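Chain and residue survey
For reference, the chains in residue letters:
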Amino acid sequence: MKNKLLFLVLSISASGVFASPQPLQLDLEHISVSGLSSGGYMANQFHIAHSDWVNKIGIIAGGPYFCAQGSIKTALEHCVNKMVNPIELDSLNKQATNYASEKKIAPLSELKNSKVWLFHGQQDNKVMPAVSQALYQQYVEWVGKDHVAYVSDIAASHLFPTLDYGGDCQESVSPYIGNCQYDAAGAMLGFLFNELAPRVSQPQGKVIELDQQKLGGQTADTLADKGYAYIPQTCASGATCSLHISFHGCNQNAQSIQQQYVEHSGLNNWADSNHMVVLYPQTKNSTFLPLNPQGCWDWWGYADENYATQDGKQIQAVRQLANALQHYSFQ
């Protein structure tokens, strides 16, 4: 009965439909995730929380797991553009071990099955190189050096680098997508997946809207009303497809830049030719408690104290959105 109701909700609340009447055929045994900046931190938290489910991850301009330690003060003093004291990875790793022993995150041994792609632009002055380097060191310890790629030789600012869309690659300004003549989406997916068909120059699929409040319930109270997903034509026509979740950065949600991140990161170009659905969950800006004026993902605890674990509201909401997609009906 629950699945039938979910199927009905998705059919009613999503738009951008195809002619095909069948639901999506998603392979959800394992999924991949990625993110930029606060979205990178969120992708990392989602991965660590569910490493028995998420086995591929790409992060642009992010830092180590639990870097903020539940404090915005710590976040600003250690995890972005300054470092009052060096990041103590041993302490952060110990917290992850404690969470795993309490079954709040997946066993850390599951991380050995993951592949990790990391990026830090040479001109990025919003996240220090040492912060991304700490993330790299943490993943090497958990995943193994052979399964981690770290790209740090591209002259990019704090943004999502693309082949040919966006502003000046060396200026971190809205929409935080840079015309860098570098396909970060392709470099990331190429490392994470063994074989990929070439990207298409113009995606032919559809962006659909998802009612995050209905699908996420109370756990979605810090998310926007609408989220988005990109559906290639092959997936809409019944092909079995994989799922990739992409987390936008601060000031990069639809409330701030409309659908530029959803449509122009380059992910959809690769999704189209590789039977991949891309979920783009969305935060909302808030000038009231919980305070989040820039629409960041919660990587310091503004939503709840369990933000970095399976019990975190945003992690729960996004997982529910991902699982709900397999019931999406095309009318």
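Now for a description of the structure that goes with this document. Within any chain, residue numbers begin from 1 and follow the written order of that chain's sequence. Residues qualify for local features only when their pLDDT is at least 70, as the model is predicted, and side-chain atom pairs are given and counted only at 80 or more; totals for whole chains, interfaces and linings, by contrast, use all residues. Based on all heavy atoms of the structure, the side-chain values leave hydrogens and waters out of the count.

Some points on the side chain of histidine 248
To qualify as a helix, a DSSP run of H or I must reach at least 4 residues; to qualify as a strand, a run of E must reach at least 2; elements of each kind are numbered from the N terminus. With respect to the helices and strands, histidine 248 occurs in the loop between strand E11 (240-247) and helix H9 (254-257). With a relative accessible area of 0%, histidine 248 lands in the buried category. Polar contacts, as counted here, are pairs of nitrogen or oxygen atoms within 3.5 Å of one another; within protein the pair requires one atom able to donate a hydrogen and one able to accept it, and residues that are adjacent in sequence qualify only if both atoms are side-chain atoms. Among the polar contacts listed, one links the side chain of histidine 248 to the backbone nitrogen of threonine 283, at a separation of 3.2 Å. Whether two residues are in contact is decided by their heavy atoms, any of which lying within 4.5 Å being enough. Not counting residues within four places of it along the chain, the set of residues in contact with histidine 248 comprises Leu36, Ser38, Gly39, Asn253, Tyr261, Pro281, Gln282, Thr283, Gly295 and Trp297. Note on classification: 1.4 Å probe, protein chains only; a residue is buried when its accessible area is under 20% of the maximum for its type, exposed when over 50%, partly exposed between these limits.

Comments concerning the sheet that holds strand E8 (residues 177-179)
A pair of strands counts as paired when DSSP detects no fewer than two bridges linking them. Strands sit in the order E6-E8-E7 across an open sheet of three strands; the sheet is parallel. Each edge of the open sheet is held by one strand with a lone partner, namely strand E6 (160-162) and strand E7 (167-168). Pairing of E7 with E8 involves two bridges; the strand directions are parallel. Each bridged residue has a counterpart across the sheet, and for aspartate 168 the counterpart in E8 is asparagine 179.

Looking at the layout of surface pockets
Cavity: a set of points on a 1 Å grid over the protein atoms alone where a 1.4 Å probe fits but cannot get out. Pocket: an open set with protein on both sides within 12 Å along at least five of seven lines, its lining residues, like those of a cavity, having an atom within 4 Å of a point. Grid points are joined across faces, edges and corners, and a volume is the space filled by probe spheres set on the points. Of the voids in this model, the largest pocket is the one considered here, and its volume is about 540 Å³. In terms of lining residues, the largest pocket is bounded by 23 residues, among which Ser37, Val80, Cys250, Gln294 and Cys296 are the most central. Residue assignment for the lining of the largest pocket shows that the elements contributing at least two residues are helix H2 (38-49) and helix H3 (72-78). Ten residues, namely Ala, Val, Leu, Ile, Met, Phe, Trp, Tyr, Cys and Pro, are considered nonpolar, four, namely Asp, Glu, Lys and Arg, are considered charged, and the remaining ones, Gly among them, are considered polar. Considering only residue class, the lining of the largest pocket consists of 13 nonpolar, nine polar and one charged. When its volume is computed, the second largest pocket comes out at roughly 330 Å³. Lining the second largest pocket are 19 residues, with Ser201, Pro203, Glu263, His264 and Asn269 sitting closest to its centre. For the lining of the second largest pocket, the secondary-structure elements that each account for two or more residues are strand E9 (206-211), helix H10 (260-264) and helix H11 (267-273). The residue inventory of the lining of the second largest pocket, partitioned by class, reads five nonpolar, nine polar and five charged.

Looking at the pattern of salt bridges
Think of a salt bridge as a Lys or Arg side-chain nitrogen and an Asp or Glu carboxyl oxygen that are within 4 Å of each other. If you walk through the whole model with that rule in mind, you get five salt bridges. Between lysine 313 and aspartate 221 there is a salt bridge, and its shortest N-O distance comes to 3.0 Å. Taken together, the positions of lysine 313 in helix H12 (residues 313-325) and aspartate 221 in the loop between helix H7 (212-216) and strand E10 (226-231) put the pair 92 residues apart, joining distant regions of the chain.

Examining the pairing of strand E2 (residues 31-36)
The element E2 is largely enclosed, with a buried count of six among its six residues. The two faces of E2 match: Ile31, Val33 and Gly35 on one face and Ser32, Ser34 and Leu36 on the other face are all buried. Sheet topology note: the E2/strand E3 (residues 54-60) ladder contains six bridges and is parallel. Across the sheet, the residue bridging to leucine 36 is isoleucine 60, located in E3. Here E2 runs beside E11; their pairing, made up of four bridges, is parallel. Bridging from a neighbouring strand, glycine 35 pairs with phenylalanine 247 of E11.

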